[in-house]
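In case you want the letters, here they are:
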Amino acid sequence: MVAGLLNKGFRAGLPLISIIFLLTLILNYLSPIALEEDNYPNLFYNYFTQKISSQLGLTLLNYLFIAIGVFLVNLICLNQEIVEKQNYFPVFLYLLLCTVGVNPRQIAPQIFTNVFILYSVYKLLDTYRDETVLRDIFNAAFWLSVSAFITISSIISFPLFFIVLLILRPFYWREWIVALLGFFLPVFIYECMAYLSDFNQWYLFDATELYFQVLKAPYFSEYYLPLSISLFLLLLISIFYNFVNGFGNTVKKQRAKSILLWFIFFSLFGFFSAGANSSNIILTYAFPLSFFIGDFLYNIKQIKIANTILAFLLFCVAIVFLGQFAVI
């Protein structure tokens with residue numbers, strides 16, 4: 001039944017998305033414990049974790065940015081031709097992965113970062129076969145640079161930005177100069193403020209050096225393990241399906257899928273970064289996972305098979321929430 005709704009686009013999928021959103025919001029608010037902690041020293045987290053102590057405030061703030069991310073995924077589905085317009089699986093999966101990955105007792109910086117990354121990807125996809133693109137390129141670079149001050153793991157998206165630009169457009173030096181200006185401006189603004197306040201100067205450079213110095217195997221909670229293994233296997237199957245059947249029936253779809261592959265590759269650094277755990281990894285990969293697996297589920301001809309896969313994923317999500325309530 002769930003797959004049947006998600007095969008019919010926005011009108012059929014919206015009630016299901018709304019129910020999942022509200023149900024998980026309540027569950028996260030009521031969760032007495034958190035299964036994992038975010039201990040990585042991100043500037044955003046270190047500042048705001050001291051400002052917001054209310055459980056309701058934390059939950060609402062996290063879910064506000066989950067909602068914005070879901071909205072952006074929906075826009076990409078409708079306007080950017082990565083998947084069929086009737087395919088609502090990516091929106092559903094992105095929401096599911098974000099709600100299960102968010103920490104009920106902390107601000108989730110990766111949720112905020114995902115919003116800036118999704119917006120940057122959306123603006124870059126808008127530049128495909130367009131002539132007046134300098135503003136879009138500047139905005140995409142600017143907000144991607146801002147995201148590095150929220151969580152330093154988004155630094156891996158900086159080289160990816162220029163790879164995406166090469167995939168979507170022929171090389172024009174003016175566009176690359178504008179992109180570099182977009183990346184530079186947030187750093188310049190921050191350093192001016194840091195200099196005037198004499199606090200935490202050269203943060204981005206020091207944090208980047210620390211990020212690449214401390215690489216180690218991630219920690220996987222036993223509660224997240226079934227979901228993590230299931231997502232990994234589904235991702236492999238989805239990528240294999242795309243290689244066998246093609247990346248799409250239009251050039252833009254093919255290029256968009258290749259961008260997702262590059263995103264997965266560069267995210268490997270986040271996989272091995274210090275402090276990485278199950279929930280952080282799921283949130284980092286939520287964007288490409290939702291589109292690859294969502295497209296695969298949409299193209300399964302037997303609706304019962306798609307429903308079975310979704311039921312198993314929901315069961316894995318239920319294990320996480322049962323763990324947060326100390327039931328298992």
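For the structure itself, look to the data block above.
Quantities reported herein were computed from a predicted structural model and do not represent experimental measurements.

Draft legend 1. Quick peek at the overall build of the chain. In terms of helices and strands, the chain carries 16 helices and zero strands. In terms of overall dimensions, the chain is globule-like: its C-alpha atoms have a radius of gyration of 19 Å, near the 20 Å expected for 328 residues. Counting only C-alpha atoms and orienting by the principal axes, one finds that the chain spans roughly 60 × 50 × 35 Å. Within the chain, the proportion of its 328 residues that are buried is 56%. Here the chain has roughly 15,200 Å² of accessible surface; of this, 70% comes from carbon and sulfur atoms. The distance from the centre of the 17 positive side-chain charges to the centre of the 16 negative ones in the chain is 13 Å.

Draft legend 2. Structural detail: the nonpolar core. Counting 112 residues, the largest nonpolar core has Ile 66, Phe 92, Phe 161, Phe 291 and Leu 297 as its most contacted members. Among residues more than four places away in sequence, those in contact with Leu 297 are Phe 89, Leu 93, Ala 306, Ile 309 and Leu 310.

Draft legend 3. Quick peek at helix α7 (residues 134-147). Given a rise of 1.5 Å per residue, 14 residues ought to cover 20 Å, and the 20 Å separating the end C-alpha atoms of α7 matches this to within 8%. Taken together, the buried positions of α7 are Asp 136, Ile 137, Ala 140, Ala 141, Phe 142, Leu 144, Ser 145, Val 146 and Ser 147.

Draft legend 4. A look at the packing of aromatic side chains. Scanning all chains against the criterion turns up 23 aromatic pairs. Ring centres of Phe 116 and Trp 143 lie 5.6 Å apart, and the angle between their planes is 15°; on these two criteria the pair is classed as stacked. Of this pair, Phe 116 sits in helix α6 (residues 109-126) while Trp 143 is found in helix α7, placing the two residues 27 residues apart along the sequence. What links up through ring pairs into an aromatic cluster is the set Phe 158, Phe 161, Phe 162, Phe 171, Trp 176 and Phe 183.

Draft legend 5. Representation of the packing of helix α11 (residues 225-245) against helix α16 (residues 303-324) within the structure. Interhelical geometry of α11 versus α16 gives an angle of 150° and a closest axis separation of 8 Å. Accordingly, the angle class assigned to the pair α11 and α16 is roughly antiparallel. On α16, the residues touching Pro 226, Leu 227, Ser 230, Leu 231 and Leu 234 of α11 are Ile 309, Phe 312, Leu 313, Cys 316, Val 317 and Ile 319. Residue composition of the contact of α11 with α16, grouped by class: ten nonpolar, one polar and no charged.

Draft legend 6. Expanded view of unusual backbone geometry. The phi dihedral of Trp 202 falls on the positive side, at around 55°, and the residue is not glycine. Here Trp 202 lies in the loop between α9 (173-197) and α10 (203-213).

Draft legend 7. Molecular detail of the pattern of salt bridges. For the structure shown, the criterion picks out four salt bridges. Residue Arg 169 is joined to Glu 175 by a salt bridge in which the shortest nitrogen-to-oxygen separation is 3.0 Å. This pair shows no difference in class: Arg 169 is buried, exactly as Glu 175 is. Two residues, Lys 257 and Asp 295, come together in a salt bridge whose shortest N-O distance is 2.9 Å. In this pair, Lys 257 sits in helix α12 (residues 251-266) while Asp 295 sits in helix α15 (residues 286-298), placing the two residues 38 residues apart along the sequence.

Draft legend 8. Structural context of the side chain of Thr 127. Here Thr 127 is to be found in the loop between α6 and α7. In this structure, Thr 127 is in contact with Val 133, Asp 136, Ile 137, Leu 168 and Arg 169, ignoring residues within four places of it in sequence.

Draft legend 9. Geometry of the environment of Phe 265. Among the structural elements, Phe 265 can be located in helix α12. Remark: the alpha-carbon pair of Phe 265 and Ser 53, spanning 212 residues in sequence, is separated by 36 Å.

Draft legend 10. Focus on the environment of Leu 227. If you trace the backbone, Leu 227 turns up in helix α11. Judged by its relative accessible area of 1%, Leu 227 falls in the buried class. Sequence-wise, Leu 227 and Val 83 are 144 residues apart; in three dimensions their C-alpha atoms are separated by 24 Å. If we ignore the near neighbours within four places in the chain, the residues touching Leu 227 are Val 100, Ile 282, Leu 313, Cys 316 and Val 317.

Draft legend 11. The environment of Gln 201, seen in detail. On the secondary structure map, Gln 201 appears in the loop between α9 and α10. You can call Gln 201 partly exposed: its relative accessible area is 29%. Expressed as a C-alpha distance, the spacing of Gln 201 and Phe 188, which sit 13 residues apart in the sequence, is 11 Å. Gln 201 has contacts with Glu 191, Ala 194, Tyr 195 and Asp 206, leaving out every residue within four places of it along the chain.

Draft legend 12. Focus on a nonpolar patch on the surface. There is a patch of nonpolar side chains on the surface, built from Leu 166, Phe 171, Trp 173, Ile 177, Leu 180 and Leu 181 and spanning about 640 Å² of accessible area. Along the chain, the position of Ile 177 falls in helix α9. Note on Ile 177: relative accessible area 41%, which makes it partly exposed.

The rules behind each value
Residues numbered from 1 in each chain as written. Predicted model: local features only at pLDDT ≥ 70, side-chain atom pairs only at ≥ 80, totals over all residues. Heavy atoms only, no water. Helix = DSSP H or I, 4+ residues; strand = E, 2+ residues; numbered from the N terminus. Rg over C-alpha atoms; globule rule 2.2 N^0.38 Å. Buried < 20%, exposed > 50% of the residue type's maximum accessible area, 1.4 Å probe, protein only. Areas by Shrake-Rupley, 256 points an atom, 1.4 Å probe, with all protein chains shown as cover. Lys, Arg positive; Asp, Glu negative; His and termini not counted. Charge placed at Lys NZ, Arg CZ, Asp CG, Glu CD. Core = buried A, V, L, I, M, F, W, Y, C linked by side-chain atoms within 4.5 Å. Contact = heavy atoms within 4.5 Å. Expected span 1.5 Å × (residues − 1). Phe/Tyr/Trp six-rings, centres within 6.5 Å; stacked < 30°, edge-to-face > 60°. Axes fitted to C-alpha atoms, helices over the stretch in contact; angles between N-to-C directions. Parallel < 35°, antiparallel > 145°, perpendicular 65-115°, else oblique. Nonpolar A, V, L, I, M, F, W, Y, C, P; charged D, E, K, R; others polar. Salt bridge = Lys/Arg side-chain N within 4 Å of Asp/Glu carboxyl O. Patch = residues over 30% accessible without salt bridge, like charges linked within 9 Å, V, L, I, M, F, W, Y side chains within 5 Å.

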